[in-house]
Amino acid sequence: MASITRVPISNLHDRISVKIDKGDYLPDFEKDIRTYSKKANIPGFRKGMVPAGMIKKMYGQDFYRDSVIKSVEKELQKYLTEEKLEIFGQPLPSATGKFPELNMQQPQEYEFLFEIGLKPEIKIDLSSGKKPLHYKIKVKPEDIGNRIESFQAQFGELKETESITSENNIIKIKLAETDSEGNPVDGGFGSEQSLYVKVFSESFQKELTGKKKDDMLKGKLNEIIDVEKYPAVLESIGVNPGDLEKIASPVSITIISVNDLEKHPLDEDLYAKAFPNREIRDEAAFRDAITSDEQKQWDEVAAHQLEHTLYHQLMDTPVDLPESFLKKLLENSENAKSAEEIEAQAPSFINELKWSLITQQIVRDQELKVNIEEIKAEIKKELSKYFGNADLDSPEYSWAAGYVDRMMGDKEQLESRYNKLMTHKIFDWAKQQLTPEEKEISQEDFQKLQEAHKHEH
């Protein structure tokens, strides 16, 4: 009859000994042999008529090994269930025990050693926690002005002009990599695109002044483009901004067209294009709408910062963890790791486990739930936001209902929204416990706080 003992190795880290004798595994071994003999297909014997002795002679050792291991696993799982042990991962073979030599010809008692990491008891108590600050980040007047100019440019009209006169001209160019002689490189990078003159270096802007359609200029890429300010331009032509050799390549630039951007006037047509779902009649209301949008964006930033603060306060909860066992889990993960990698990865791995245990405890204690309708509403909210807070119930978005239904049928999408909503509920609960104090702050001072926090961590 099987016997199991458990002894502590270190904090929440135990060793389990599973001993089994012949009576625990031999009956299953004999049964498996007989079962297989009835369906084995071996030359010289009719199917189902192979003697069990023949099967035992040919495959007995494999069946014997499987029966012993299955018996051990069965007894171990039974013990864990009966003892109601909450453990991390699965039991691991103990490094102090040798795998027994299993010999079908000499059935005997075997001992297998395992190690387990026990989950700790956690008590979440924020009653004495410090009140976090919930910042109200002020919108700057210049932000409103910049947004207005951005809308005017976005919905403005390009008009072809004769020559380049300012950095605000938009020129369509054909850019091609060349050799040192100015000949196109076979398979080299290049593209056709429209760019503001301002994205070019100051020296090249001077060369561009007065140039017209079909004019060609040459130079080195990093001397033509203002690489530090506009790395995205390099990426758009297929050049990695970090590839110093490539960005020093010679190129040719052919001007296809020169355009002036005529900004859209501040009128009801602009207001309708910028905010299609709102009725805006004058500039004051237009500014109010932009201010509201800007404030929402900053409020989201502040809400994220508050949640980050709450995260750290929750992570201050004392949680006892079997660190020695958790490192063994890393050692036994699918991708083999060196001792150095394990030491490097252990802190973040343990932190993630700690956060998982804390959130699971809050969900249990507060009986937090996320239902299907909440997930569906979240998907709709995200889709509406993607299309500029569009009314998804309008005829224009008749396709949206089908999209939402497809997302609801995707397990990964459901899990992603579930986790997102549950995390928000956990932070909402924490806010109720700590009642954050609101404080107004400028964008510059808020950014300084963010930088200081990054430096600290």
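First, a word on scope: everything that follows refers to the structure included in this document.

The rules behind these values
Just so you know, the residues in each chain are numbered from 1, in the order the chain's sequence is written. Confidence filtering applies because this is a predicted model: local features only for residues at pLDDT of at least 70, side-chain atom pairs given and counted only at 80 or more, and all residues used for totals across whole chains, interfaces and linings. Only hydrogens and water are set aside when side-chain values are computed; all heavy atoms of the structure are taken into account. Only DSSP runs of H or I covering at least 4 residues are called helices, and only runs of E covering at least 2 are called strands; the numbering of each starts at the N terminus. Using C-alpha atoms as the atom set, the radius of gyration is obtained and then compared with a globule rule of 2.2 Å times the number of residues to the power 0.38. The classification of residues rests on relative accessible area computed with a 1.4 Å probe and restricted to protein chains. Under 20% of the type maximum is buried, over 50% is exposed, and intermediate values are partly exposed. Pairing of aromatic rings covers Phe, Tyr and Trp, the last counted by its six-membered ring, and requires centre-to-centre distances within 6.5 Å; plane angles under 30 degrees mean stacked, over 60 mean edge-to-face, and any other angle means tilted. Any two strands are treated as partners once DSSP identifies two or more bridges connecting them. What makes two residues a contact is simply this: any of their non-hydrogen atoms within 4.5 Å. A fitted line through C-alpha atoms represents every axis, and for helices the fit uses only the stretch in contact; the resulting angles, taken between N-to-C directions, go from 0 to 180 degrees. The arc in question is the one spanned by the directions pointing from the helix axis to the C-beta atoms. Each angle receives one of four descriptions, namely roughly parallel if under 35 degrees, roughly antiparallel if over 145, roughly perpendicular if within 65 to 115, and oblique otherwise. Crossing handedness: left-handed means the near helix sits turned counterclockwise from the far one by under a right angle, and right-handed means the same turn made clockwise. A side-chain nitrogen of Lys or Arg and a carboxyl oxygen of Asp or Glu constitute a salt bridge if their distance falls within 4 Å. For our purposes a nonpolar core is just a set of buried Ala, Val, Leu, Ile, Met, Phe, Trp, Tyr and Cys residues, chained together by side-chain atoms within 4.5 Å. In protein, a polar contact means a hydrogen-donor-capable atom and an acceptor-capable atom, both N or O and within 3.5 Å, with residues adjacent in sequence counting only if both atoms are side-chain atoms; elsewhere, any N or O pair within 3.5 Å suffices.

## Structural notes on the overall build of the chain
1) Next: What the chain contains, in helices and strands, is 15 helices and eleven strands.
2) Next: Its C-alpha atoms give the chain a radius of gyration of 34 Å, more than 25% over the compact-globule value 23 Å for 457 residues.
3) Next: Dimensions of the chain, computed from C-alpha atoms along their principal axes, come out at roughly 100 × 65 × 50 Å.
4) Next: Put simply, the chain has 457 residues, and 35% of those count as buried.

## Brief notes about the packing of aromatic side chains
Remark: the centre distance and the inter-plane angle together describe each pair of aromatic rings, the angle taken between the planes.
1) Next: Within the structure shown, the criterion is met by 19 aromatic pairs.
2) Next: Ring geometry for Tyr 36 versus Tyr 59: centroids 5.9 Å apart, planes at 85°, classification edge-to-face. Here Tyr 36 is found in helix H1 (residues 22–37), whereas its partner Tyr 59 is found in helix H2 (residues 52–82), with 23 residues between them in sequence.
3) Next: Assessed through its relative accessible area of 28%, Tyr 36 is described here as partly exposed.
4) Next: You can call Tyr 59 partly exposed: its relative accessible area is 31%.
5) Next: A ring pair is formed by Phe 387 and Trp 399, whose centres lie 5.6 Å apart and whose planes are at 70°; its orientation type is edge-to-face.

## Here's the deal with the sheet that holds strand S4 (residues 110–117)
1) Next: Ordered by their spatial adjacency, four strands build an open sheet running S1-S2-S4-S3, and the pairing between neighbours is antiparallel. Two strands in the sheet have a free side with no partner beyond their single neighbour: strand S1 (3–10) and strand S3 (92–93).
2) Next: Relative to the sheet, H2 contacts S1, strand S2 (13–20) and S4, its axis offset from that of S2 by approximately 130°.
3) Next: Sitting on the sheet, helix H10 (residues 323–331) is in contact with S1, S2, S3 and S4, with an inclination near 105° to S4.

## Regarding H10
1) Next: Those residues of H10 lying buried are Phe 325, Leu 326, Leu 329 and Leu 330. Buried residues along H10 cover an arc of 155° about the axis, so they all sit on one side.
2) Next: Among the structural elements, S2, S3, S4 and helix H11 (339–366) are those in contact with the buried residues of H10.

## Side note on the side chain of Ser 252
1) Next: Looking at the secondary structure, you find Ser 252 in strand S10 (residues 250–262).
2) Next: Setting aside residues no more than four positions away along its own chain, Ser 252 makes contact with Lys 174, Leu 175, Ala 176, Thr 178, Met 216, Leu 217 and Lys 218.

## Comments concerning the packing of H11 against helix H14 (residues 411–434)
1) Next: Their axes nearest at 11 Å, the elements H11 and H14 cross at an angle of 75°. As the angle between them shows, H11 and H14 are arranged roughly perpendicular. Two secondary-structure elements touch here, H11 through Trp 355, Thr 359, Ile 362, Val 363 and Gln 366 and H14 through Met 422, Ile 426, Phe 427 and Trp 429.

## Some words on unusual backbone geometry
1) Next: If you check the backbone angles, Leu 12 has positive phi at about 55° while not being a glycine.
2) Next: In this fold, Leu 12 is placed in the loop between S1 and S2.
3) Next: We note that Glu 367 has phi near 50°; this positive angle belongs to a residue other than glycine.
4) Next: We classify Glu 367 as exposed; its relative accessible area is 60%.

## What about the packing of helix H12 (residues 372–386) against helix H13 (residues 400–408)?
1) Next: Packing of H12 against H13 leaves a shortest axis separation of 10 Å and a crossing angle of 130°. Put simply, H12 runs oblique to H13. For H12 against H13, the interelement crossing comes out right-handed. Of the residues in H13, those touching H12 at Ile 372, Ile 375, Lys 376, Ile 379, Lys 380 and Leu 383 are Ala 400, Tyr 403, Val 404, Asp 405, Met 407 and Met 408.

## What to know about the pattern of salt bridges
1) Next: This structure, assessed with the given rule, holds 24 salt bridges.
2) Next: For the salt bridge of Glu 262 with Lys 159, the shortest nitrogen-to-oxygen distance reads 3.1 Å. Highlighted residues: Glu 262 in strand S10 and Lys 159 in strand S6 (residues 157–160), separated in sequence by 103 residues.
3) Next: We classify Lys 159 as partly exposed; its relative accessible area is 37%.
4) Next: A salt bridge links Glu 162 to Lys 212, with the nearest nitrogen and oxygen atoms 3.2 Å apart. Of this pair, Glu 162 sits in the loop between S6 and strand S7 (170–177) while Lys 212 is found in the loop between helix H4 (202–208) and strand S9 (216–220), placing the two residues 50 residues apart along the sequence.
5) Next: Relative accessible area serves as the criterion here: at 38%, Lys 212 is assigned to the partly exposed category.
6) Next: Connected via shared salt-bridge partners are Glu 378, Glu 382, Arg 417 and Lys 420.

## Some thoughts on the nonpolar core
1) Next: Among the nonpolar cores identified, the biggest contains 36 residues, and Phe 88, Ile 124, Leu 314, Leu 321, Ile 358, Ile 362 and Trp 429 are the most heavily contacted of them.
2) Next: Discounting chain neighbours no more than four positions away, the residues touching Ile 362 are Ile 124, Leu 314, Glu 367, Leu 368, Ile 426 and Trp 429.
3) Next: Ranked by size, the runner-up nonpolar core spans 27 residues in total, among them Ala 2, Tyr 64, Leu 85 and Leu 118.

## Side note on the environment of Lys 123
1) Next: Along the chain, Lys 123 turns up in the loop between S4 and strand S5 (133–137).
2) Next: Along the backbone, Lys 123 and Val 319 are 196 residues apart, and their C-alpha atoms lie at a distance of 8.6 Å.

## Description of the side chain of His 264
1) Next: Assignment of secondary structure puts His 264 in the loop between S10 and helix H8 (268–274).
2) Next: Side-chain polar atoms of His 264 contact the side chain of Asp 269, separated by 2.7 Å.
3) Next: Every residue in contact with His 264, bar those within four places of it in the chain, is listed here: Gln 152, Phe 155, Gly 156, Asp 269, Leu 270 and Lys 273.

## A few points about the environment of Thr 209
1) Next: With respect to the secondary-structure elements, Thr 209 resides in the loop between H4 and S9.
2) Next: Between the C-alpha atoms of Thr 209 and Leu 92, which are 117 residues apart in sequence, the distance is 73 Å.
3) Next: Engagement of the side chain of Thr 209 in a polar contact is seen with the backbone oxygen of Gln 205, the distance being 3.0 Å.

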